[in-house]
Amino acid sequence: MSRPGPLARRLGVLISGRGSNLEAIVDAIARKRLDATIAIVLSNRPDARGLQLARDAGLEARCLSPRGYTDRDAYDRALADVLGSCRVDLVCLAGFMRLVGQPMLDAFPDRILNIHPSLLPAFPGLDAQKQALEHGVRITGATVHLVTSALDAGPIVLQAAVPVRDDDTVETLAARVLVEEHRLYPEAIRIVLDGRWSLDGRRFVRHF
Ligand code: GRF
């Protein structure tokens, strides 16, 4: 079993778009429900709405485009360098639409979180809410997990269930899942930062 101990509390938040989960984290910090500092917000896309939102909140926010890099590892190393120079302790993927590769995993071992809009291991990858609806599940939800090299498959920190209604569309279902995401992510970050947990195989075990 690996035991992390309390982490320092500087977050790096990685986004690609809307940034509503980033907003939920900012809000939880402002309301003192989460004791942490956002050291930097990074986007791989210059047009991410979340970048403006971050700047409006007075946060350091930068776009790091993958364009200038020869391959994925080179981009990942650049990401890790920026996060390292901002003394980030925990990386939070919040709608970051890229696979995180080995250089990032090496720089932040068990220190990268992701939020996914399904009850993993069901419906990994893109369009999770559409997958859930088309499969006909009665319950879906949201998952916060540690990031590993396998897509959406790392140890699960927290999950929340959301019932699927007969009249749901992808949009109505995604909206209700999102409400749970916004509640879940700050809570999962708090748990991970507190450090009273260990990994037992792929199980994330809390110590009370
Ligand atoms: C969320 O549904 C999250 O679970 C998924 O991407 C979406 C990002 O939304 N990984 P936002 O940018 O946080 O609003």
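Since we're looking at a predicted model, the values are computed, not measured.

Asks: When you look at the packing of aromatic side chains in this model, what are you seeing that I'm missing?
Replies: Within a pair of aromatic rings, the relevant descriptors are the distance that separates the centres and the angle that separates the planes. Here the structure, examined in full by the defined rule, presents two aromatic pairs. On the basis of an interplanar angle of 65° and a centroid distance of 5.6 Å, the ring pair of Y69 and Y75 is categorised as edge-to-face. By relative accessible area, Y69 is classed as partly exposed at 31%. On the numbers, 4.7 Å between centres and 20° between planes, the contact of W197 with F204 is stacked. F204 shares its class with W197; the two are buried.

Asks: Whenever I open this one, helix α1 (residues 20–30) confuses me. Can you help?
Replies: Because each turn of an α-helix spans 3.6 residues, side chains separated by three or four positions end up pointing in the same direction. For α1, every residue scored as buried is listed here: S20, N21, L22, A24, I25 and A28. Each element contacted by the buried residues of α1 is listed here: β1 (10–15), β2 (37–43), α2 (49–56), β5 (112–116) and α6 (170–194). Phi turns positive one or two residues past the end of α1, at K32, with a value near 60°.

Asks: Where do I start with the environment of I156 in this structure?
Replies: By the secondary structure assignment, I156 is in strand β7 (residues 156–163). Once the C-alpha coordinates of I156 and F108 are considered, the two residues, 48 residues apart in sequence, prove to be 17 Å apart. Sequence-distant contacts of I156, that is, excluding residues within four places in its chain, are made with L120, T143, V144, H145, R202 and F204.

Asks: So what exactly am I meant to see when it comes to the state of the cysteines here?
Replies: Here, disulfide denotes a covalent bond that connects the sulfur atoms of two cysteines. Considering all chains together, one arrives at zero disulfides under this definition. Counting only cysteine sulfurs, C92 is the nearest neighbor of C86, a cysteine outside any disulfide, at a range of 14 Å.

Asks: Would you explain the site of the ligand in this entry?
Replies: By nearness alone, every residue bordering the ligand is listed as R18, G19, S20, N21, G95, I115, H116, P117 and E181. Interatomic distance of 2.8 Å between a backbone N/O atom of G19 and an oxygen atom of the ligand. Burial of the ligand by the protein chains amounts to 86% of its free accessible area of 370 Å². The pocket occupied by the ligand, as judged from atoms lying within 2 Å of grid points, is the largest pocket. Broken down by secondary-structure element, the contributors of at least two residues to the shell around the ligand are α1 and β5.

Asks: How do you make sense of the layout of surface pockets when you look at a structure like this?
Replies: To find leftover empty space, a probe the size of one water molecule is rolled over the atoms. Considering only enclosed or pocket space, the largest pocket measures out at about 890 Å³ in volume. Around the largest pocket, the lining comprises 35 residues; the ones closest to its centre are G95, F96, M97, I115 and P117. For the lining of the largest pocket, the elements supplying multiple residues, two or more each, are α1, β5, α5 (128–135) and α6. If one sorts the elements of the lining of the largest pocket by residue count, β5 sits on top with three residues.

How each quantity is defined
Residues numbered from 1 in each chain as written. Predicted model: local features only at pLDDT ≥ 70, side-chain atom pairs only at ≥ 80, totals over all residues. Heavy atoms only, no water. Phe/Tyr/Trp six-rings, centres within 6.5 Å; stacked < 30°, edge-to-face > 60°. Buried < 20%, exposed > 50% of the residue type's maximum accessible area, 1.4 Å probe, protein only. Helix = DSSP H or I, 4+ residues; strand = E, 2+ residues; numbered from the N terminus. Contact = heavy atoms within 4.5 Å. Disulfide = S-S within 2.5 Å. Near = heavy atom within 4 Å. Polar contact = N/O pair within 3.5 Å; in protein donor to acceptor, adjacent residues only side chain to side chain. Areas by Shrake-Rupley, 256 points an atom, 1.4 Å probe, with all protein chains shown as cover. 1 Å grid on protein atoms, 1.4 Å probe; cavity = no way out; pocket = protein on both sides within 12 Å on 5 of 7 lines; lining within 4 Å. Sits in = over half its atoms within 2 Å of the grid points. Points joined across faces, edges and corners; volume = space filled by probe spheres on them.

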